[in-house]
Amino acid sequence: MYTLDKLECMSRSQLQTLFQLKSVRNANRVLYNMSPFLNHKRLHENVYYLSKKGRQHIGSEKNKPHLTQLEHKVRRNDIYLYYGCPKDWKVERPNEWRIQGETYKLISDARFSLQGVICFVEVDLKQKMLENKKKIKLYRSLFQALGNQQALLIFYTTTLVRKERILSWCQEYKVNAEILTTEDLENYFL
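Not measured: the values here are computed from a predicted model. (Residues numbered from 1 in each chain as written. Predicted model: local features only at pLDDT ≥ 70, side-chain atom pairs only at ≥ 80, totals over all residues. Heavy atoms only, no water.)

Section: the packing of aromatic side chains
Taken as a whole and assessed by the stated rule, the structure comprises 8 aromatic pairs. On the numbers, 6.0 Å between centres and 65° between planes, the contact of Y139 with F143 is edge-to-face. Here Y139 and its partner F143 are both found in helix 6 (residues 129–145), 4 residues apart, which amounts to about one turn of the helix. Look at Y139 and you get buried, because its relative accessible area is 0%. Given a relative accessible area of 13%, F143 falls into the buried group. An aromatic cluster of three or more residues is present, and its members are Y80, Y82, Y83, W89 and F112. Positioned above the aromatic ring of F37, the side-chain terminus of K53 is 5.6 Å from the ring centre. (Phe/Tyr/Trp six-rings, centres within 6.5 Å; stacked < 30°, edge-to-face > 60°. Helix = DSSP H or I, 4+ residues; strand = E, 2+ residues; numbered from the N terminus. Buried < 20%, exposed > 50% of the residue type's maximum accessible area, 1.4 Å probe, protein only. Lys NZ or Arg CZ within 6 Å of the ring centre and 35° of its normal.)

See below:
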């Protein structure tokens with residue numbers, strides 16, 4: 001339940017992968033047994049999050065996740081699992097820096113480190129492409145402010161067309177990036 005509190009919500013297949021529950025039937029049985037502490041909403045599959053009773057049981061001070069953002073959070077958790085559940089995973093953390101007296105601020109969907117590299121995660125489901133371009137420009141500035149510290153932008157998007165456009169902007173602005181699509185990860189959670 002602490003993992004659900006940390007990640008805010010998870011799909012059945014994500015929980016099955018994380019806790020190595022062998023079959024769908026077994027995963028559903030475990031989740032059913034935890035039902036007094038969980039709520040769920042049906043997206044492409046059931047997405048679970050802690051109920052009020054579940055949050056109280058573990059002493060969480062977090063509020064119920066906004067249901068309109070569940071899909072976005074589930075996709076963010078795909079990256080969490082894909083990169084092996086980083087211990088220093090932080091969600092929605094603000095990044096502030098100054099360059100030539102000007103202050104910049106950017107809130108990445110998640111941030112973690114991987115072998116000495118700071119990784120910033122951006123999940124793009126329905127955002128306008130111009131917003132993505134603006135974010136990439138901001139990341140260029142952030143990476144410059146980090147100096148010698150290695151950094152990587154991980155963009156997770158929905159289609160190959162969006163992936164190619166984001167990749168071209170990252171190359172244009174010289175931002176070290178890895179761009180993944182839902183298709184790249186679709187077999188990971190089976």
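Moving on from the coordinates now.
Side note on the sheet that holds strand 2 (residues 38–42)
With antiparallel pairing, 3 strands are arranged side by side in an open sheet as 1-3-2. Edge strands, defined here as strands with exactly one partner in the open sheet, are strand 1 (10–11) and strand 2. Relative to strand 3 (residues 46–50), strand 1 is paired through 2 bridges, and the arrangement is antiparallel. Counterpart to M10 in the pairing with strand 3 is Y48. (Pairing = 2+ DSSP bridges.)

Overview of unusual backbone geometry
Phi at C85 is positive, roughly 55°, even though this residue is not glycine. Mapped onto the secondary structure, C85 falls in the loop between helix 5 (70–82) and strand 4 (90–91). With a relative accessible area of 22%, C85 lands in the partly exposed category. One non-glycine residue, K174, lies in the positive phi region at around 55°. Structurally, K174 can be placed in the loop between helix 7 (160–172) and strand 10 (177–181).

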